[in-house]
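Residue-level listing of the chains:
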Amino acid sequence: MSTVTPMQTHDAVTPLAVERLRADFPIFARPMNGKRLVFLDNAASAQKPEAVIRAIDECYGEYYANIHRGVYQLSQRSTQAYEAVRGKVRALLNGADDREVVFVRGATEAINLVAHSYVRPRLGPGDEILITGMEHHSNIVPWQLLCEETGATLVVSPITDKGEVDVEDFRSRLTARTKFVSIVHVSNALGTVNPVQEMIAAAHEFGVAVLVDGAQSVPHLSVDVAELDCDFYCFSGHKIYGPSGVGVLWGRLDLLREMRPYQGGGEMIRYVTFERSEFAEPPQRFEAGTPNIAGVVGLGAAIDYVCAIGTERIAAHEHALLEYATARLGEVEGVRIIGTATAKAGVISFLMGRVHPHDIGTVLDLEGVAIRAGHHCAQPVMQRYGIPATARASFGLYNTYDDVDVLVRALDKVRELFI
Ligand code: 7TS
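Analysis parameters
- Residues numbered from 1 in each chain as written.
- Predicted model: local features only at pLDDT ≥ 70, side-chain atom pairs only at ≥ 80, totals over all residues.
- Heavy atoms only, no water.
- Helix = DSSP H or I, 4+ residues; strand = E, 2+ residues; numbered from the N terminus.
- Rg over C-alpha atoms; globule rule 2.2 N^0.38 Å.
- Buried < 20%, exposed > 50% of the residue type's maximum accessible area, 1.4 Å probe, protein only.
- Patch = residues over 30% accessible without salt bridge, like charges linked within 9 Å, V, L, I, M, F, W, Y side chains within 5 Å.
- Areas by Shrake-Rupley, 256 points an atom, 1.4 Å probe, with all protein chains shown as cover.
- Salt bridge = Lys/Arg side-chain N within 4 Å of Asp/Glu carboxyl O.
- Near = heavy atom within 4 Å.
- Polar contact = N/O pair within 3.5 Å; in protein donor to acceptor, adjacent residues only side chain to side chain.
- Nonpolar A, V, L, I, M, F, W, Y, C, P; charged D, E, K, R; others polar.
- Pairing = 2+ DSSP bridges.
- Axes fitted to C-alpha atoms, helices over the stretch in contact; angles between N-to-C directions.
- Contact = heavy atoms within 4.5 Å.
- Domains from an automatic or database assignment.
- Buried area = accessible area lost by both parts, 1.4 Å probe.
- Parallel < 35°, antiparallel > 145°, perpendicular 65-115°, else oblique.
- Left-handed = near helix turned anticlockwise from the far one by under 90°.

Turning our eyes to something else, we now look at the overall build of the protein. Helices and strands together make up the secondary structure of the protein, namely 14 helices and 15 strands. Here the C-alpha atoms of the protein give a radius of gyration of 22 Å, agreeing with the 22 Å that 2.2 N^0.38 yields for 419 residues. If you line up the protein on its principal axes, its C-alpha atoms span 75 × 55 × 35 Å. In the protein, which comprises 419 residues, the proportion classed as buried is 56%.

Have a look at this one:
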């Protein structure tokens, strides 16, 4: 019998409201293995509300044409719909100017763009790039590639046993050699919310620009780039209930203006001859070729959806679920939670006895519960704890206390089978 009840936890969004929100997501009307779908893999990708699906459908069905080039009505309407989303992103992040919003494929492309356009020209042998020990591979590998090319070194500030950054250690690794800092806001493998504001201020004392990987934060917290005082911020559309294949790089306009393009092609130039080309101003400078028009429109609808609910309310709801789930999982025999930071978002990585996380995932799937099992594209985090993988439950705005209860009951089945 559980000793934890939902009544003991926060209820900023009532269960009734969540049930109503769930109805916005068509996928929840479909059973999974004959059971109600309990979707707890939101850190990998979130489900899509009807409003997003409809916006994409309308774009293709009612006003689709290529943007920025047609004089005809359809193209103008498409262009307007696409460009209007810059303002929505700016407002979501509390940016200062729509021109600071660059549409990309996702967080991964945003990081690669900054690596090539901002950092590469500033990097030479002996220089350093500083990251933390809890980065996703997409915030490790681009820097390794750059270091190989330039003779620079990738410096890592390690994490503590709880899965936190040691800010003093981080500070101590900032030197005159540091040319760039790239840090994750919320860890996808541990759920840790990093004190990025403090870390950014420390980097700025050394005159170093900072990119914040917000892939796991924008969907779950209120983000304010002005308050953070970061130089670049990025996220992916598909984790914020929008489509895949679209994401955002937000960058300070003065920095974007200094940067060379990441890719060459149509729409990113002002003037081209065979001898030379003159580049367009940001953000067009970084959006070569025909972009993901319907994807951007869908992202706009996702931002509208999230903002109508309120990012603060979503954060409070998911935090309540995190607390409830942490307590309930703590009651399950053999469960060990990996990542016990004081400040956490709705991600719980765990192990259960010696059962392989893939076996946990498979048994849970039979119960209609979708979690992720693996290294979560954060192998160095797994190495830090000396484990190959974890099972990971991650929450979204549509998850309920009942979802947590179903997860816990399904773990009993895992125990019956394997322990
Ligand atoms: N950064 C973080 C912190 C992430 O969690 C992810 C994706 C990325 C960057 C890359 O985002 P993408 O949209 O460009 O692929 N994280 C996960 C995950 O945890 N499970 O699947 C993808």
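Let us keep going from here.
For the rest of this paragraph, the subject is a nonpolar patch on the surface. On the surface, Leu417, Phe418 and Ile419 cluster together into a nonpolar patch covering about 320 Å² of accessible area. Along the polypeptide, Ile419 turns up in the segment after α14 (401–418). By relative accessible area, which is 54% here, Ile419 ends up exposed.

Not every one of the 16 residues close to the ligand is listed here, only the nearest: Thr108, Asp213, Ser236, Arg372 and Arg392. Within the contact set of the ligand, a nitrogen atom lies 3.4 Å away from a side-chain nitrogen or oxygen of His136. Contact between the ligand and Arg392: an oxygen atom at 2.7 Å from a side-chain N or O atom of the residue. Starting from 490 Å² of accessible surface for the ligand in isolation, the protein chains cover 87%. In terms of residue class, the shell around the ligand is made up of 5 nonpolar, 7 polar and 4 charged.

Our focus in this paragraph is the environment of Glu168. One can find Glu168 in helix α6 (residues 167–172). Take Glu168: its relative accessible area is 53%, and that puts it in the exposed class. Along the backbone, Glu168 and Ile53 are 115 residues apart, and their C-alpha atoms lie at a distance of 46 Å.

With that settled, the discussion passes to the sheet that holds strand β5 (residues 178–184). Taken in spatial order, the 7 strands line up as β2-β8-β7-β6-β5-β3-β4 in an open sheet, and their pairing is mixed. Edge positions in the sheet fall to β2 (101–104) and β4 (153–157), since each of these pairs with one other strand and no more. Between one strand axis and the next, the sheet turns through 20 degrees on average, direction left out of account. With 3 bridges connecting them, strand β3 (residues 128–132) and β5 associate as parallel partners. Among the inter-strand pairings, Leu130 is bridged to a residue of β5, identified as Val181. Strands β2, β3, β5, β6 (210–213), β7 (232–236) and β8 (247–251) of the sheet are contacted by helix α4 (residues 107–119), whose axis makes an angle of about 150 degrees with β7.

Parsing the protein into structural domains produces domain 1 (18–30 + 311–418) and domain 2 (52–308). In this complex, domain 1 contributes 34 residues to the contact, which on the side of domain 2 involves 29 residues. Carbon and sulfur atoms supply 55% of the area that domain 1 and domain 2 bury against each other, a total of about 2500 Å² over both sides. If you sort the residues of domain 1 by the area they bury against domain 2, Thr311, Cys377 and Arg384 come out on top, with a joint share of 21%. Put simply, domain 1 and domain 2 have 1 salt bridge between them. Its salt-bridge partner being Asp161, residue Arg384 comes within 2.7 Å of it at the nearest N-O pair. On the surface where domain 1 and domain 2 come into contact, there are 22 residue pairs in polar contact (both at pLDDT 80 or more). Elements represented by at least two residues in the side of domain 1 that touches domain 2 include exactly α11 (311–330), β12 (347–352) and α13 (379–385). Among the elements that line the side of domain 1 that touches domain 2, the one with the most residues is α13, at 6 residues. Partitioning the side of domain 1 that touches domain 2 into residue classes produces 19 nonpolar, 9 polar and 6 charged.

Turning our attention to the environment of Ala373. Turning to its location among the elements, Ala373 is positioned in strand β14 (residues 372–374). Considered as a pair, Ala373 and Leu397 are 24 residues apart in the sequence and their alpha carbons are 21 Å apart. Those residues in contact with Ala373 that lie beyond four places of it in its chain are Pro357, His358, Thr390 and Ala391.

Here we take up the packing of helix α12 (residues 357–366) against α14. Where α12 contacts α14, the two axes come as close as 9 Å, and the packing angle between them is 120 degrees. By the angle class used here, α12 and α14 are oblique. The element α12 and its partner α14 pack so that their crossing is right-handed. Facing Asp359, Ile360, Val363 and Leu364 of α12, the residues of α14 in contact are Leu407, Ala410, Leu411, Lys413, Val414, Leu417 and Phe418. Tallied by class, the residues present in the contact of α12 with α14 amount to 9 nonpolar, no polar and 2 charged.

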